[in-house]
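Here's the letter readout for the chains.
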Amino acid sequence: MMSQSSFTAEAQATARPFIKWAGGKGQLLPELSRRLPRRFRRYHEPFVGGAALFFYLYNEGLLQQGAVLSDYNPELILCYQAVRDNVEQLIELLQEHAIHRSDSDYFLQIRKWDRQPGFEQRSDIERAARTIFLNRTCYNGLYRLNNKGQFNAPFGYYKNPLICDADNLRTVSKALEHVELCEGDFWEVLERVQPGDLVYFDPPYDPVSSTASFTHYTGQSFGPDDHRRLAELFTTLKQRGVYVMLSNSHTPLTRELYAHHPEKSTVLASRKINCDGRKRGSVEELIVCSYQVEPVV
Ligand SMILES: C[S@@+](CC[C@H](N)C(=O)[O-])C[C@H]1O[C@@H](n2cnc3c(N)ncnc32)[C@H](O)[C@@H]1O
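The rules behind each value
- Residues numbered from 1 in each chain as written.
- Predicted model: local features only at pLDDT ≥ 70, side-chain atom pairs only at ≥ 80, totals over all residues.
- Helix = DSSP H or I, 4+ residues; strand = E, 2+ residues; numbered from the N terminus.
- Buried ≥ 20, exposed ≤ 12 C-beta atoms within 10 Å, placed from the backbone.
- Contact = placed C-beta atoms within 7 Å.
- Core = buried A, V, L, I, M, F, W, Y, C linked by C-beta atoms within 7 Å.
- Domains from an automatic or database assignment.
- Axes fitted to C-alpha atoms, helices over the stretch in contact; angles between N-to-C directions.
- Parallel < 35°, antiparallel > 145°, perpendicular 65-115°, else oblique.
- Left-handed = near helix turned anticlockwise from the far one by under 90°.
- Nonpolar A, V, L, I, M, F, W, Y, C, P; charged D, E, K, R; others polar.

Draft legend 1. Here's a closer look at the overall build of the protein. A tally of regular secondary structure across the protein gives nine helices and seven strands. With 297 residues in all, the protein has 39% of them scored as buried. Across the protein, contacts joining residues at least 24 apart in sequence account for 76% of those joining residues at least 6 apart.

If you want it as C-alpha coordinates, here you go:
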(Lines give C-alpha, C1' and ligand atoms only; values in the text may rest on other atoms or scores of the structure.)
Protein backbone atom coordinates (compact mmCIF):
# COMPACT_ATOMS: atom_id res chain seq x y z
CA MET A 1 0.00 0.00 0.00
CA MET A 2 1.46 3.33 -1.03
CA SER A 3 1.64 5.93 1.73
CA GLN A 4 -0.36 9.13 1.29
CA SER A 5 2.88 11.14 1.23
CA SER A 6 4.52 9.09 -1.53
CA PHE A 7 3.27 11.40 -4.25
CA THR A 8 3.36 14.69 -2.42
CA ALA A 9 6.20 17.17 -2.59
CA GLU A 10 6.03 17.77 1.21
CA ALA A 11 8.63 20.34 2.23
CA GLN A 12 11.11 19.31 -0.42
CA ALA A 13 12.68 21.17 -3.31
CA THR A 14 10.76 21.75 -6.52
CA ALA A 15 11.28 19.05 -9.16
CA ARG A 16 11.94 20.43 -12.64
CA PRO A 17 12.26 18.81 -16.09
CA PHE A 18 15.81 17.46 -16.41
CA ILE A 19 15.70 17.27 -20.17
CA LYS A 20 14.98 20.03 -22.72
CA TRP A 21 12.29 18.86 -25.07
CA ALA A 22 10.85 20.29 -28.27
CA GLY A 23 7.23 21.19 -27.56
CA GLY A 24 7.87 21.31 -23.80
CA LYS A 25 4.82 22.64 -22.04
CA GLY A 26 6.46 24.84 -19.39
CA GLN A 27 5.02 28.06 -20.80
CA LEU A 28 1.52 26.62 -21.18
CA LEU A 29 1.27 25.44 -17.56
CA PRO A 30 -0.97 28.30 -16.34
CA GLU A 31 -3.48 27.49 -19.11
CA LEU A 32 -3.30 23.74 -18.52
CA SER A 33 -3.44 23.91 -14.73
CA ARG A 34 -6.58 26.03 -14.66
CA ARG A 35 -8.36 23.43 -16.80
CA LEU A 36 -7.53 20.45 -14.58
CA PRO A 37 -10.46 18.51 -13.13
CA ARG A 38 -10.96 19.28 -9.44
CA ARG A 39 -10.31 15.68 -8.50
CA PHE A 40 -8.86 12.75 -10.40
CA ARG A 41 -7.39 9.38 -9.62
CA ARG A 42 -4.27 8.17 -11.45
CA TYR A 43 -2.42 10.50 -13.84
CA HIS A 44 -1.25 9.31 -17.30
CA GLU A 45 1.01 11.23 -19.68
CA PRO A 46 1.53 9.10 -22.83
CA PHE A 47 3.62 11.69 -24.75
CA VAL A 48 5.81 12.51 -21.81
CA GLY A 49 8.75 14.39 -23.40
CA GLY A 50 10.13 16.68 -20.66
CA ALA A 51 7.05 16.02 -18.47
CA ALA A 52 6.34 19.66 -17.60
CA LEU A 53 2.76 18.98 -16.46
CA PHE A 54 3.77 15.91 -14.43
CA PHE A 55 6.30 17.98 -12.47
CA TYR A 56 3.73 20.71 -11.89
CA LEU A 57 1.26 18.16 -10.49
CA TYR A 58 3.92 16.55 -8.33
CA ASN A 59 5.08 19.88 -6.91
CA GLU A 60 1.47 20.80 -6.13
CA GLY A 61 0.93 17.49 -4.32
CA LEU A 62 -1.77 16.41 -6.78
CA LEU A 63 -0.52 12.91 -7.55
CA GLN A 64 -1.74 11.00 -4.49
CA GLN A 65 -3.12 8.16 -6.59
CA GLY A 66 -0.04 7.54 -8.71
CA ALA A 67 1.13 8.27 -12.21
CA VAL A 68 2.17 6.50 -15.41
CA LEU A 69 4.53 8.27 -17.79
CA SER A 70 5.16 6.86 -21.24
CA ASP A 71 6.61 7.76 -24.61
CA TYR A 72 7.48 6.10 -27.89
CA ASN A 73 11.12 7.15 -27.57
CA PRO A 74 13.04 4.32 -25.84
CA GLU A 75 16.12 6.43 -25.06
CA LEU A 76 13.94 8.99 -23.30
CA ILE A 77 12.28 6.33 -21.15
CA LEU A 78 15.73 4.95 -20.26
CA CYS A 79 16.58 8.42 -18.92
CA TYR A 80 13.53 8.48 -16.65
CA GLN A 81 14.29 4.93 -15.46
CA ALA A 82 17.92 5.81 -14.74
CA VAL A 83 16.94 8.91 -12.76
CA ARG A 84 14.33 6.95 -10.82
CA ASP A 85 16.37 3.81 -10.12
CA ASN A 86 20.08 4.73 -10.27
CA VAL A 87 20.42 8.43 -9.77
CA GLU A 88 23.82 8.40 -8.01
CA GLN A 89 25.45 6.29 -10.71
CA LEU A 90 23.90 8.51 -13.37
CA ILE A 91 25.24 11.63 -11.66
CA GLU A 92 28.75 10.10 -11.65
CA LEU A 93 28.61 9.40 -15.39
CA LEU A 94 27.24 12.86 -16.14
CA GLN A 95 30.04 14.43 -14.12
CA GLU A 96 32.54 12.55 -16.30
CA HIS A 97 30.83 13.80 -19.48
CA ALA A 98 30.71 17.32 -18.05
CA ILE A 99 34.51 17.57 -18.15
CA HIS A 100 34.21 17.60 -21.97
CA ARG A 101 31.15 19.82 -22.25
CA SER A 102 32.75 22.34 -24.65
CA ASP A 103 34.58 19.82 -26.83
CA SER A 104 32.87 19.27 -30.19
CA ASP A 105 35.05 16.20 -30.99
CA TYR A 106 33.98 14.54 -27.75
CA PHE A 107 30.34 15.36 -28.58
CA LEU A 108 30.70 13.63 -31.98
CA GLN A 109 32.40 10.64 -30.38
CA ILE A 110 29.48 10.18 -27.95
CA ARG A 111 26.89 10.95 -30.61
CA LYS A 112 28.16 8.16 -32.89
CA TRP A 113 27.65 5.37 -30.31
CA ASP A 114 24.33 4.54 -31.96
CA ARG A 115 26.10 4.04 -35.32
CA GLN A 116 28.51 1.50 -33.84
CA PRO A 117 28.04 -2.23 -33.19
CA GLY A 118 27.38 -2.96 -29.53
CA PHE A 119 25.21 0.08 -28.81
CA GLU A 120 22.39 -2.17 -27.62
CA GLN A 121 24.81 -3.92 -25.25
CA ARG A 122 25.80 -0.72 -23.48
CA SER A 123 24.21 -0.42 -20.06
CA ASP A 124 20.96 1.49 -19.63
CA ILE A 125 22.73 4.02 -17.40
CA GLU A 126 25.44 4.66 -19.99
CA ARG A 127 22.79 5.24 -22.65
CA ALA A 128 20.76 7.50 -20.38
CA ALA A 129 23.85 9.57 -19.50
CA ARG A 130 24.64 9.85 -23.22
CA THR A 131 21.14 11.11 -24.03
CA ILE A 132 21.21 13.70 -21.25
CA PHE A 133 24.72 14.84 -22.25
CA LEU A 134 23.73 15.16 -25.93
CA ASN A 135 20.52 16.95 -24.97
CA ARG A 136 22.51 19.51 -22.96
CA THR A 137 25.20 20.08 -25.57
CA CYS A 138 23.46 19.75 -28.95
CA TYR A 139 21.94 22.59 -30.93
CA ASN A 140 18.78 23.87 -29.25
CA GLY A 141 18.44 20.72 -27.10
CA LEU A 142 16.86 19.15 -30.14
CA TYR A 143 16.33 15.38 -29.98
CA ARG A 144 16.49 14.54 -33.66
CA LEU A 145 17.00 11.17 -35.36
CA ASN A 146 17.67 10.43 -39.01
CA ASN A 147 15.63 7.81 -40.85
CA LYS A 148 17.99 5.08 -39.58
CA GLY A 149 17.11 6.05 -36.03
CA GLN A 150 20.53 7.64 -35.37
CA PHE A 151 20.88 10.82 -33.36
CA ASN A 152 21.94 13.60 -35.71
CA ALA A 153 21.43 16.98 -34.03
CA PRO A 154 24.61 19.10 -34.40
CA PHE A 155 26.87 20.41 -31.62
CA GLY A 156 25.38 23.48 -29.91
CA TYR A 157 28.58 25.47 -29.11
CA TYR A 158 27.28 26.57 -25.70
CA LYS A 159 29.95 28.24 -23.54
CA ASN A 160 29.21 26.46 -20.30
CA PRO A 161 26.23 24.11 -20.56
CA LEU A 162 25.00 22.58 -17.30
CA ILE A 163 25.37 18.83 -17.83
CA CYS A 164 24.72 17.58 -14.33
CA ASP A 165 22.27 19.36 -12.06
CA ALA A 166 22.73 16.82 -9.28
CA ASP A 167 20.29 18.48 -6.84
CA ASN A 168 17.46 18.52 -9.36
CA LEU A 169 18.21 14.96 -10.49
CA ARG A 170 17.92 13.76 -6.88
CA THR A 171 14.66 15.67 -6.42
CA VAL A 172 13.32 14.22 -9.68
CA SER A 173 14.40 10.75 -8.58
CA LYS A 174 12.20 11.16 -5.50
CA ALA A 175 9.32 12.48 -7.63
CA LEU A 176 9.56 9.39 -9.83
CA GLU A 177 9.89 6.95 -6.94
CA HIS A 178 6.46 5.32 -7.36
CA VAL A 179 5.83 6.30 -10.97
CA GLU A 180 5.30 3.60 -13.60
CA LEU A 181 7.39 4.21 -16.74
CA CYS A 182 6.53 2.59 -20.07
CA GLU A 183 7.87 2.75 -23.58
CA GLY A 184 5.31 2.51 -26.37
CA ASP A 185 2.63 3.99 -28.55
CA PHE A 186 0.05 6.30 -26.94
CA TRP A 187 -2.75 3.81 -27.74
CA GLU A 188 -1.47 1.51 -24.98
CA VAL A 189 -2.83 3.92 -22.37
CA LEU A 190 -6.22 2.33 -23.09
CA GLU A 191 -5.11 -0.85 -21.29
CA ARG A 192 -4.07 1.07 -18.18
CA VAL A 193 -6.79 3.64 -17.51
CA GLN A 194 -9.73 3.43 -15.11
CA PRO A 195 -12.74 5.74 -14.85
CA GLY A 196 -11.79 8.85 -12.88
CA ASP A 197 -8.17 8.83 -14.09
CA LEU A 198 -6.70 11.87 -15.85
CA VAL A 199 -4.91 11.52 -19.19
CA TYR A 200 -2.99 14.44 -20.68
CA PHE A 201 -2.17 14.09 -24.39
CA ASP A 202 0.52 16.37 -25.78
CA PRO A 203 1.31 14.83 -29.18
CA PRO A 204 3.86 16.12 -31.69
CA TYR A 205 2.17 19.13 -33.27
CA ASP A 206 0.10 18.90 -36.40
CA PRO A 207 2.28 21.19 -38.57
CA VAL A 208 0.88 24.67 -39.17
CA SER A 209 2.79 24.68 -42.48
CA SER A 210 5.04 22.28 -44.37
CA THR A 211 8.21 23.70 -42.70
CA ALA A 212 6.87 24.97 -39.43
CA SER A 213 6.78 22.08 -37.01
CA PHE A 214 9.12 19.51 -35.62
CA THR A 215 7.60 16.01 -35.48
CA HIS A 216 10.67 13.69 -35.68
CA TYR A 217 11.20 12.83 -32.02
CA THR A 218 11.32 9.11 -32.63
CA GLY A 219 12.73 8.51 -36.13
CA GLN A 220 9.17 8.25 -37.40
CA SER A 221 7.03 11.24 -38.06
CA PHE A 222 3.64 11.67 -36.43
CA GLY A 223 1.24 12.26 -39.30
CA PRO A 224 -2.46 12.96 -39.94
CA ASP A 225 -3.41 9.30 -39.45
CA ASP A 226 -1.81 9.36 -35.99
CA HIS A 227 -3.75 12.51 -35.14
CA ARG A 228 -6.95 10.74 -36.28
CA ARG A 229 -6.14 7.69 -34.11
CA LEU A 230 -5.56 10.01 -31.20
CA ALA A 231 -8.90 11.81 -31.68
CA GLU A 232 -10.62 8.40 -31.76
CA LEU A 233 -8.89 7.42 -28.52
CA PHE A 234 -9.88 10.75 -26.94
CA THR A 235 -13.55 9.94 -27.61
CA THR A 236 -13.22 6.33 -26.38
CA LEU A 237 -11.62 7.45 -23.11
CA LYS A 238 -14.25 10.15 -22.62
CA GLN A 239 -16.99 7.52 -23.04
CA ARG A 240 -15.25 5.40 -20.37
CA GLY A 241 -15.43 8.18 -17.80
CA VAL A 242 -11.75 9.15 -18.01
CA TYR A 243 -10.83 12.85 -17.75
CA VAL A 244 -8.88 13.72 -20.90
CA MET A 245 -7.03 16.94 -21.68
CA LEU A 246 -5.23 17.45 -24.99
CA SER A 247 -3.10 20.23 -26.44
CA ASN A 248 -2.10 20.59 -30.07
CA SER A 249 -1.54 23.25 -32.67
CA HIS A 250 -4.71 24.92 -33.94
CA THR A 251 -4.94 23.78 -37.55
CA PRO A 252 -7.71 22.80 -40.00
CA LEU A 253 -7.11 19.13 -39.11
CA THR A 254 -7.26 19.53 -35.32
CA ARG A 255 -10.27 21.87 -35.63
CA GLU A 256 -12.06 19.17 -37.60
CA LEU A 257 -11.03 16.29 -35.32
CA TYR A 258 -12.24 17.96 -32.11
CA ALA A 259 -15.17 19.92 -33.62
CA HIS A 260 -17.77 17.95 -31.68
CA HIS A 261 -16.10 18.40 -28.27
CA PRO A 262 -17.62 21.46 -26.59
CA GLU A 263 -14.83 22.12 -24.05
CA LYS A 264 -12.10 23.61 -26.16
CA SER A 265 -10.29 26.91 -26.42
CA THR A 266 -7.32 28.44 -28.14
CA VAL A 267 -4.43 30.13 -26.38
CA LEU A 268 -1.29 31.83 -27.66
CA ALA A 269 1.98 29.95 -27.29
CA SER A 270 5.45 30.72 -28.57
CA ARG A 271 7.25 27.99 -30.48
CA LYS A 272 10.96 27.71 -29.89
CA ILE A 273 12.02 25.08 -32.38
CA ASN A 274 11.33 25.82 -35.98
CA CYS A 275 13.25 25.06 -39.17
CA ASP A 276 12.86 28.66 -40.24
CA GLY A 277 14.13 30.99 -37.51
CA ARG A 278 12.12 33.92 -38.89
CA LYS A 279 8.91 32.05 -38.21
CA ARG A 280 9.49 31.65 -34.48
CA GLY A 281 6.86 33.45 -32.51
CA SER A 282 3.34 33.16 -31.20
CA VAL A 283 1.01 30.57 -32.60
CA GLU A 284 -2.44 29.46 -31.56
CA GLU A 285 -2.59 26.30 -29.51
CA LEU A 286 -5.74 24.29 -29.06
CA ILE A 287 -6.65 22.83 -25.66
CA VAL A 288 -9.50 20.31 -25.56
CA CYS A 289 -11.01 18.76 -22.43
CA SER A 290 -13.41 15.83 -22.28
CA TYR A 291 -15.12 17.29 -19.18
CA GLN A 292 -16.65 20.57 -18.14
CA VAL A 293 -13.94 22.99 -17.08
CA GLU A 294 -14.76 24.78 -13.81
CA PRO A 295 -14.66 28.57 -14.15
CA VAL A 296 -11.83 30.31 -12.24
CA VAL A 297 -13.27 32.26 -9.30
C1 LIG B 1 5.20 17.57 -27.83
S2 LIG B 1 6.26 16.32 -27.21
C3 LIG B 1 5.71 16.22 -25.57
C4 LIG B 1 6.22 17.37 -24.75
C5 LIG B 1 5.95 17.25 -23.26
N6 LIG B 1 4.56 17.41 -22.93
C7 LIG B 1 6.77 18.25 -22.46
O8 LIG B 1 6.25 19.02 -21.65
O9 LIG B 1 8.00 18.26 -22.66
C10 LIG B 1 5.67 14.87 -27.98
C11 LIG B 1 6.26 13.53 -27.50
O12 LIG B 1 5.54 12.48 -28.18
C13 LIG B 1 6.42 11.37 -28.37
N14 LIG B 1 5.82 10.50 -29.40
C15 LIG B 1 5.88 10.59 -30.76
N16 LIG B 1 5.13 9.63 -31.35
C17 LIG B 1 4.55 8.93 -30.33
C18 LIG B 1 3.64 7.84 -30.28
N19 LIG B 1 3.16 7.26 -31.39
N20 LIG B 1 3.23 7.39 -29.06
C21 LIG B 1 3.71 7.96 -27.91
N22 LIG B 1 4.60 8.99 -27.91
C23 LIG B 1 5.00 9.48 -29.09
C24 LIG B 1 7.74 12.01 -28.72
O25 LIG B 1 8.81 11.13 -28.46
C26 LIG B 1 7.72 13.27 -27.81
O27 LIG B 1 8.39 13.01 -26.61
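After that view, the rundown keeps rolling.
Draft legend 2. Region of the structure containing unusual backbone geometry. Unusually for a residue other than glycine, Asn 140 sits at a positive phi of about 60 degrees. Among the secondary structure elements, Asn 140 is positioned in the loop between α6 (124-137) and α7 (166-175). Judged by the 15 C-beta atoms lying within 10 Å of it, Asn 140 falls in the partly exposed class. With a phi close to 55 degrees, Tyr 157 is a non-glycine residue in the positive phi region. Its location among the elements puts Tyr 157 in the loop between α6 and α7.

Draft legend 3. Expanded view of the nonpolar core. Judged by nonpolar contacts, the single largest core of 69 residues is most densely connected at Phe 54, Leu 69, Cys 79, Val 199, Phe 201 and Val 244. When residues of this core are assigned to domains, at least three fall in each of domain 1 (4-72 + 184-289) and domain 2 (81-167). The contact partners of Cys 79, leaving out residues within four places of it in the chain, are Ile 19, Ala 128, Thr 131 and Ile 132.

Draft legend 4. Representation of the packing of helix α4 (residues 87-98) against α6 in the model. At a minimum axis separation of 9 Å, α4 and α6 run at an interaxial angle of 50 degrees. By the criterion of interaxial angle, the relationship of α4 to α6 is oblique. Crossing handedness for the pair α4 and α6: right-handed. For the pair α4 and α6, contact is made by Gln 89, Leu 90, Leu 93, Leu 94 and His 97 and by Ile 125, Glu 126, Ala 128, Ala 129, Ile 132 and Phe 133, respectively. Looking at the contact of α4 with α6 residue by residue, the classes come out as eight nonpolar, two polar and one charged.

Draft legend 5. Layout of the environment of Pro 204. Mapped onto the fold, Pro 204 is located in the loop between β4 (198-201) and α8 (224-239). Sequence spacing of Pro 204 and Ala 22 is 182 residues, and the spatial spacing of their C-alpha atoms is 8.8 Å.

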